[in-house]
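Okay, here's what each chain looks like letter by letter:
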Amino acid sequence: MKKLIGLKKTKAAVFISGKGSNLENLIKFSKKKISPISLNLIISNTSYAKGLRYSKKYNIQKKVIFFKNKKLAEKKIFKILLKKNINLICLAGFMRILSRNFIKKFKGKIINIHPSLLPKYKGLNTHKKAIENNDKYAGCSVHFVTAKIDSGKIIMQKKVKIKKNDTVDSLSKKVLKKEHLLYPAAIKKIYN
Ligand code: GAR
């Protein structure tokens, strides 16, 4: 992608379903001079997402779009994205699968953070699987989103050592810390 540092920032939206720690981390990153993105929109598929509170805290527009009817939901999202000139979508704990059609419309402009060292452990319960398989390392990946779940081109990864006494909880906390370093780094990499 085009080198944007020093030029106008790319407008980005973050899609969430939960806590939003990656969202807040990306908001903080986007405010830095070196960030190639500005963060202009938060989308959630549920009104219960704790991360929605960052809308008020940082004065960023939010929209809750229910996915009961996916086609309709994506139509609404698409309209908002166009209206706001959004050129990058960052999925951050967004627990809905976007349709092939939607992904095609934003080809190469949707990225996701996933809590495993892809291609290992696509889908859910990644830390549980890594511990059960006695893996030496867990980690996180940022990748481009394609119609095949958690399978698009990997942009960057970070590793975490799994210790003998690690639980799903302790491991997910360690990996989340790495996620907060990884997501901004991966975004910088895309635009450099
Ligand atoms: C993160 O660990 C992220 O990698 C994961 O959900 C968590 C969201 O945390 N994403 C997925 O599992 C996607 N399949 P956050 O709401 O605090 O950013």
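Here the structure is shown first, and the text comes after it.
Residues numbered from 1 in each chain as written. Predicted model: local features only at pLDDT ≥ 70, side-chain atom pairs only at ≥ 80, totals over all residues. Heavy atoms only, no water.

**Structural notes on the overall build of the protein chain**
Part 1: A count of helices and strands for the protein chain gives 6 helices and 7 strands.
Part 2: Beginning at the N terminus, the succession of helices and strands in the protein chain can be written as β-α-β-α-β-α-β-α-β-α-β-β-α.
Part 3: The C-alpha atoms of the protein chain give 16 Å as radius of gyration, which agrees with the globular expectation for 192 residues (16 Å, within 12%).
Part 4: Principal axes of the C-alpha set define a box for the protein chain whose edges measure 50 × 40 × 30 Å.
Part 5: In the protein chain, which comprises 192 residues, the proportion classed as buried is 48%. (Helix = DSSP H or I, 4+ residues; strand = E, 2+ residues; numbered from the N terminus. Rg over C-alpha atoms; globule rule 2.2 N^0.38 Å. Buried < 20%, exposed > 50% of the residue type's maximum accessible area, 1.4 Å probe, protein only.)

**With respect to the site of the ligand**
Part 1: Close contacts around the ligand come from Lys 19, Gly 20, Ser 21, Asn 22, Gly 93, Met 95, Ile 113, His 114, Pro 115, Leu 176 and Glu 179, and that covers them all.
Part 2: At 2.7 Å, a backbone N or O of Gly 20 approaches an oxygen atom of the ligand.
Part 3: At 2.8 Å, a side-chain N or O of Glu 179 approaches an oxygen atom of the ligand.
Part 4: Within the complex, the protein chains bury 84% of what would otherwise be the 450 Å² of accessible surface of the ligand.
Part 5: Of all the elements in the fold, those that place two or more residues in the shell around the ligand are helix H1 (21-30), strand E5 (110-114) and helix H6 (168-191).
Part 6: Broken down by class, the residue content of the shell around the ligand amounts to 4 nonpolar, 5 polar and 2 charged. (Near = heavy atom within 4 Å. Polar contact = N/O pair within 3.5 Å; in protein donor to acceptor, adjacent residues only side chain to side chain. Areas by Shrake-Rupley, 256 points an atom, 1.4 Å probe, with all protein chains shown as cover. Nonpolar A, V, L, I, M, F, W, Y, C, P; charged D, E, K, R; others polar.)

**Considerations on the sheet that holds strand E1 (residues 10-16)**
Part 1: Ordered by their spatial adjacency, 7 strands build an open sheet running E3-E2-E1-E4-E5-E6-E7, and the pairing between neighbours is mixed. One side of each edge strand has no neighbouring strand; the edge strands of this open sheet are strand E3 (61-64) and strand E7 (154-161). Strand-to-strand, the axes of this sheet are offset by a mean angle of 20°, without reference to chain direction.
Part 2: Sheet analysis places strand E4 (residues 88-91) next to E5, joined by 3 bridges and oriented parallel. When the sheet's bridge partners are listed, Ile 89 is paired in E5 with Ile 110.
Part 3: Packed on one face of the sheet, H1 meets E1, strand E2 (37-44), E4 and E5 and runs near 155° to E2. (Pairing = 2+ DSSP bridges. Axes fitted to C-alpha atoms, helices over the stretch in contact; angles between N-to-C directions. Contact = heavy atoms within 4.5 Å.)

**Focus on H6**
Part 1: With 24 residues, H6 should cover 34 Å at 1.5 Å per step; its first-to-last C-alpha distance of 34 Å lies within 8% of that length.
Part 2: Approximately 25° is the largest bend angle found in H6, and it occurs at Glu 179.
Part 3: Within the sequence span of H6, burial applies to Leu 171, Val 175, Leu 176, Glu 179, Leu 182, Tyr 183, Pro 184, Ala 186, Ile 187, Ile 190 and Tyr 191. (Expected span 1.5 Å × (residues − 1). Bend = angle between axes of the 7 residues up to and from the residue.)

**Notes on the environment of Val 175**
Part 1: Within the element layout of this structure, Val 175 appears in helix H6.
Part 2: For Val 175, a relative accessible area of 0% puts it in the buried group.
Part 3: Expressed as a C-alpha distance, the spacing of Val 175 and Lys 159, which sit 16 residues apart in the sequence, is 8.0 Å.
Part 4: Other than its neighbours up to four places away in sequence, Val 175 contacts His 127, Ala 138, Gly 139, Cys 140 and Val 160.

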